Amino acid sequence: MINLKEIYPELLESIILIVVLILIRIILKRTVRNFTDKIERLEHRTGLIMKHIDYSIYFLGALGFFIIWGLDFENLGLVMSSVFAVIGIAFFAQWSILSNITSGVIMFFTFPYKIGDYIKIHDKEAPCEGTIEDIKTFHIILHTPDNEIITYPNSMMLQKGVSIIRPEEIQEHLQNLEKNKEELPPI
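Let us look at the structure shown here.

Parameters at a glance
- Residues numbered from 1 in each chain as written.
- Predicted model: local features only at pLDDT ≥ 70, side-chain atom pairs only at ≥ 80, totals over all residues.
- Heavy atoms only, no water.
- Helix = DSSP H or I, 4+ residues; strand = E, 2+ residues; numbered from the N terminus.
- Buried < 20%, exposed > 50% of the residue type's maximum accessible area, 1.4 Å probe, protein only.
- Contact = heavy atoms within 4.5 Å.
- Areas by Shrake-Rupley, 256 points an atom, 1.4 Å probe, with all protein chains shown as cover.
- Core = buried A, V, L, I, M, F, W, Y, C linked by side-chain atoms within 4.5 Å.
- Salt bridge = Lys/Arg side-chain N within 4 Å of Asp/Glu carboxyl O.
- Lys, Arg positive; Asp, Glu negative; His and termini not counted.
- Polar contact = N/O pair within 3.5 Å; in protein donor to acceptor, adjacent residues only side chain to side chain.
- Pairing = 2+ DSSP bridges.
- Axes fitted to C-alpha atoms, helices over the stretch in contact; angles between N-to-C directions.
- Patch = residues over 30% accessible without salt bridge, like charges linked within 9 Å, V, L, I, M, F, W, Y side chains within 5 Å.

**Quick notes on the overall build of the protein**
So, point 1. Looking only at helices and strands, the protein features six helices and five strands.
So, point 2. Going from the N terminus to the C terminus, the protein shows its helices and strands as α-α-α-α-β-β-β-β-α-β-α.
So, point 3. Buried residues in the protein amount to 27% of all 187 residues.
So, point 4. Taking all contacts inside the protein whose residues are at least 6 apart in sequence as the whole, residues at least 24 apart take part in 57%.
So, point 5. When the accessible area of the protein is evaluated, it comes to approximately 13,100 Å², of which 65% is carbon and sulfur surface.

**Digging into the nonpolar core**
So, point 1. Counting residues in each nonpolar core, the largest one holds twelve residues, listed as Met107, Tyr113, Ile119, Ile121, Cys128, Ile132, Ile135, Ile140, Leu142, Tyr152, Met157 and Val162.
So, point 2. A per-element tally of this core places strand E2 (residues 128–135) first, with three residues.
So, point 3. Residue contacts for Cys128: discarding those within four places in its chain leaves Ile119, Lys120, Ile121, Leu142 and Ile150.
So, point 4. By size, the runner-up hydrophobic cluster in this structure holds nine residues, among which are Met50, Ile53, Ile68 and Phe108.

**Things to note about the pattern of salt bridges**
So, point 1. Within this structure, the stated rule accounts for four salt bridges.
So, point 2. With a closest N to O distance of 2.7 Å, Arg25 and Asp54 form a salt bridge. Placement of Arg25 in helix H1 (residues 4–39) and of Asp54 in helix H2 (residues 43–68) is noted, with a sequence separation of 29 residues between them.
So, point 3. Taking relative accessible area as the criterion, Arg25 reaches 32% and is therefore assigned partly exposed.
So, point 4. What you see here is one network of salt bridges that share partners, running through Arg25, Lys29 and Asp54.

**Brief notes about the side chain of Glu129**
So, point 1. Relative to the helices and strands, Glu129 resides in strand E2.
So, point 2. Of the buried charged residues, Glu129 lacks a salt bridge, with Lys120 as the closest side chain of opposite charge at 4.5 Å.
So, point 3. A polar atom in the side chain of Glu129 sits 2.7 Å from the side chain of Tyr118.

**Topic: the pairing of E2**
So, point 1. E2 sits mainly inside the fold: six of its eight residues count as buried.
So, point 2. Across four bridges, strand E1 (residues 118–122) lies against E2 in antiparallel orientation. Bridge pairing in E2 places Lys120 opposite Glu129.
So, point 3. Taking the residues that link successive antiparallel strands as the turn, the E1-E2 hairpin has five residues.
So, point 4. As defined by bridge partners, E2 adjoins strand E3 (residues 139–143) across four bridges and the pair is classed as antiparallel.

**Describing the sheet that holds E3**
So, point 1. Within the open sheet, the five strands sit side by side as E4-E3-E2-E1-E5. Their pairing is antiparallel. The open sheet has two edge strands with one neighbour each: strand E4 (149–153) and strand E5 (161–165). For this sheet the average axis-to-axis angle between neighbouring strands, irrespective of direction, equals 45°.

**A short note on the pairing of E1**
So, point 1. As defined by bridge partners, E1 adjoins E5 across five bridges and the pair is classed as antiparallel. Across the sheet, the residue bridging to Lys120 is Ser163, located in E5.

**Notes on a nonpolar patch on the surface**
So, point 1. A surface patch of nonpolar side chains, amounting to about 750 Å² of accessible area, comprises Ile2, Leu4, Leu11, Ile18, Ile22, Ile26, Phe65 and Trp69.
So, point 2. With respect to the secondary-structure elements, Trp69 resides in the loop between H2 and helix H3 (73–93).

**As for the environment of Ile135**
So, point 1. Summarising the element assignment, Ile135 is placed in strand E2.
So, point 2. Considered as a pair, Ile135 and Thr151 are 16 residues apart in the sequence and their alpha carbons are 9.5 Å apart.

What follows is the structure, given as structure tokens:
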């Protein structure tokens, strides 16, 4: 039979951990919700950030329970170095995925563009422009004037210059593009 007096400290610490993590989660989600209301972000973009918050809270909870219920502090360094070595190798192998996820979170809070904006990406090798249809965790979906759908990586969006073309200037800009196409000699 389990003697509650023996595990009382661990139970108390576990309950405190759960309460603290729930409070942190509520505070973070409320902060993100207020931020999105302030800058008028779409609901599904907010859902992605909420999912990232949940994963972080789950990770902290699991780590907290391991420490509370018997992860030996003497071996903690060995365990953590092994875990970080595996994670480091995995992230190095998948650096572009990690950078796109990180860029997606950064863009959520600092990206001056929103879904529906017409943008021009100043990329010397592959210039691109179109209307932002969606902003996902890994990429942005653009609808071009030529009726193409382009996915552009989030990490590249932060590295390249991007211009917003105002709604009243879009028609003028598209007409100039058509003129430029007509003036080019046939190949």
